[in-house]
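# Chains, contacts and geometry: an overview
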Amino acid sequence: GLADFSPAYFGMVMATGIVSLAAYMLGWPAIAKALFMLNIAAYAVLWCLTLMRLLRFTRRFFADMADHLRGPGFFTTVAGTAVLGTQCIVIAGSYRAGVAAWALAGLLWFVLTYTIFTAFTIKQHKPSLDKGISGAWLLAVVAPQSMAVLSALLATHTAQPYKLELNFLALSMWLWGGMLYIWMMSLVFYRYTFFPLSPGDLSPPYWINMGAMAISTLAGSLLILNVGDAPFLASLLPFIKGFTVFYWATGTWWIPMLLVPWVWRHVYRRFPLRYDPLYWGAVFPLGMYAASTQQMIWAMGSGFDFMSFVPRVFL
């Protein structure tokens, strides 16, 4: 079991964390705090298992980083760390823990991004597009967007000049994540529509197609709220607002496009519904859609109040 331990298992921390945050935002602090405590335990256990696997199955651990299907799962460690850091700030009010999580997530993002994509680039034997790409690749988008969210939150509780620098980092990560989504989604959509899909191919990480847009919406909404802290954000405000709604609308479009094939997979084709760690990759986007929609409503003002039912439905 440890030898085959999924590198995407930190999706459990991502999912638990965002459901906790959405519950807190929508007025259920008891549920939010209970899930926060559970998430701390899950995070510690998953790190223990990951380090044990690194020590006992070193070759397989690093081979997974160069695997086109399993490698992107490592980005869940970045997003999971950042989401837990966000919980520390929002729910516990612990900014030191938030800074520690921010530093660790940033280090993991840098190391994993350039390790995994360099490995994909230089390896000699590569799979074809239909065998090598899935929605899990968009975890590489979720990772910098989670850094953007945490950086924007920390900026609101930091003195100058670091307030400016954190906001600029958040803006840069937000823009980079959006550009990476465009690159990757072109390939994912091409695979989705021009290659045969069996029920086994339509794995839960395809929900990250929507989740990556949802977290981009959350990060953009926080940048809108931080406009007063950074002049460069004020000059870009119409652009940030426009792209935030653009991200939300794109994520919304994906929901039926993911739900209908899911019904086809499990109802029409009778694909067995058994536990798989990759299913956390389907929980996270739904929770993130709830949280990001609520944050967008707050950021955009009273004109968006007609959408207030959406976050509660998705939570």
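First things first, this report covers the structure right here in the doc. Computed from a predicted structure; not experimentally measured.

Basis of the calculations
Within any chain, residue numbers begin from 1 and follow the written order of that chain's sequence. Whole-chain, interface and lining totals are the exception, using all residues; otherwise, since this is a predicted model, local features are given only for residues with pLDDT of at least 70 and side-chain atom pairs are given and counted only at 80 or more. To get the side-chain values, take all heavy atoms of the structure and skip hydrogens and water. Axes, fitted as lines to C-alpha atoms, cover a helix only where it is in contact. Angles between the N-to-C directions of the axes lie from 0 to 180 degrees. Secondary structure elements are taken from DSSP: a helix is a run of H or I of four residues or more, a strand is a run of E of two residues or more, and numbering for both begins at the N terminus. Note on angle classes: values under 35 degrees are labelled roughly parallel, values over 145 roughly antiparallel, values of 65 to 115 roughly perpendicular, and the remainder oblique. Less than a right angle of anticlockwise turn of the near helix away from the far helix marks a crossing as left-handed, whereas a clockwise turn marks it as right-handed. Classification used: nonpolar for Ala, Val, Leu, Ile, Met, Phe, Trp, Tyr, Cys and Pro, charged for Asp, Glu, Lys and Arg, polar for all others including Gly. Expected span, for any helix, means 1.5 Å times one less than how many residues it has. Summary of the burial criterion: residues with accessible area below 20% of their type's maximum are buried, those above 50% are exposed, and those between are partly exposed, where the area comes from a 1.4 Å probe applied to protein chains only. Definition used for salt bridges: Asp or Glu carboxyl oxygen within 4 Å of a side-chain nitrogen of Lys or Arg. Of the two site types, the cavity is a set of points on a 1 Å grid over the protein atoms alone where a 1.4 Å probe fits but cannot get out, and the pocket is an open set with protein on both sides within 12 Å along at least five of seven lines, each lined by residues with an atom within 4 Å of a point. Grid points are joined across faces, edges and corners, and a volume is the space filled by probe spheres set on the points. Classification of ring pairs uses Phe, Tyr and Trp, with its six-membered ring standing for Trp, and accepts pairs whose centres are within 6.5 Å; under 30 degrees between planes counts as stacked, over 60 as edge-to-face, and the remaining range as tilted. To count as a disulfide, a pair of cysteine sulfur atoms needs to be within 2.5 Å. Among buried residues, those of type Ala, Val, Leu, Ile, Met, Phe, Trp, Tyr and Cys that are joined through side-chain atoms within 4.5 Å constitute a nonpolar core. By definition, residues are in contact when any of their heavy atoms lie within 4.5 Å.

In the contact formed by helix 7 (residues 139-155) and helix 8 (residues 162-194), the axes pass within 8 Å of each other and the chain directions differ by 160°. Considering the angle they form, helix 7 stands roughly antiparallel to helix 8. When the axes of helix 7 and helix 8 are compared, the crossing they make is left-handed. Among the residues forming the contact of helix 7 with helix 8, the class breakdown is 17 nonpolar, five polar and one charged.

Before going further, it helps to spend a moment on helix 12 (residues 280-300). If you check helix 12, its first and last C-alpha atoms are 30 Å apart, about what 21 residues at 1.5 Å a residue would give, namely 30 Å. Helix 12 sits mainly inside the fold: 17 of its 21 residues count as buried. Backbone geometry just downstream of helix 12 places Gly301 in the positive-phi region, at approximately 100°.

A few words now on the pattern of salt bridges. Throughout the structure, instances matching the rule amount to four salt bridges. Residue Arg60 is joined to Asp4 by a salt bridge in which the shortest nitrogen-to-oxygen separation is 2.4 Å. Linking Arg60 in helix 3 (residues 58-65) with Asp4 in the segment before helix 1 (11-25), this pair joins segments that are 56 residues apart in sequence. Measuring nitrogen to oxygen at the nearest pair gives 3.1 Å for the salt bridge that ties Asp64 to Arg70. Linked through salt bridges whose partners overlap, the residues forming this network are Arg53, Asp64 and Arg70.

Here we come to unusual backbone geometry. Of note, the amide linkage connecting Gln160 to Pro161 takes the cis form, showing an omega dihedral of 5°. Mapped onto the elements, Pro161 comes out in the loop between helix 7 and helix 8. Although it is not a glycine, Arg270 sits at a positive phi angle of roughly 55°. When you line up the elements, Arg270 lands in the loop between helix 11 (237-268) and helix 12. You can call Arg270 exposed: its relative accessible area is 69%.

Looking at the largest pocket, its volume works out to about 650 Å³. For the largest pocket, the lining is made up of 35 residues, of which Ser203, Pro204, Pro205, Asp276 and Leu278 are closest to its centre. Those elements that provide at least two residues to the lining of the largest pocket are helix 1, helix 6 (129-132) and helix 12. Looking at the lining of the largest pocket, the element that brings in the most residues is helix 12, giving three residues. Class assignment for the residues of the lining of the largest pocket results in 19 nonpolar, eight polar and eight charged. The space that makes up the second largest pocket amounts to roughly 260 Å³. A total of five residues in the lining of the second largest pocket trace back to one element, the largest contributor, which is helix 2 (residues 29-56).

One pass over the structure, following the stated rule, counts 30 aromatic pairs. Chaining the aromatic ring pairs together yields one cluster made of Trp174, Phe239, Phe243, Phe246 and Tyr247.

This part is about helix 7. Structural remark: α-helix, 3.6 residues per turn; residues separated by three or four positions point the same way. With 17 residues, helix 7 extends 24 Å from end C-alpha to end C-alpha; this agrees with the ideal 24 Å at 1.5 Å per step. Helix 7 sits mainly inside the fold: 17 of its 17 residues count as buried.

Counted according to the given criterion, the structure contains zero disulfides. Sulfur of Cys48: no disulfide; nearest cysteine sulfur belongs to Cys88 and is 17 Å away. On the accessibility criterion, Cys88 (12% relative accessible area) is buried.

Bringing the nonpolar core into the picture now. Within the largest apolar cluster, 97 residues are counted, with the highest numbers of intra-cluster contacts made by Leu112, Leu138, Val142, Trp174, Tyr181, Met210 and Phe284. With 13 residues, the single largest contributor to this core is helix 7. Setting aside chain neighbours within four positions, we find Phe284 in contact with Met14, Ala15, Ile18, Val142, Ile208, Gly211 and Ile215.

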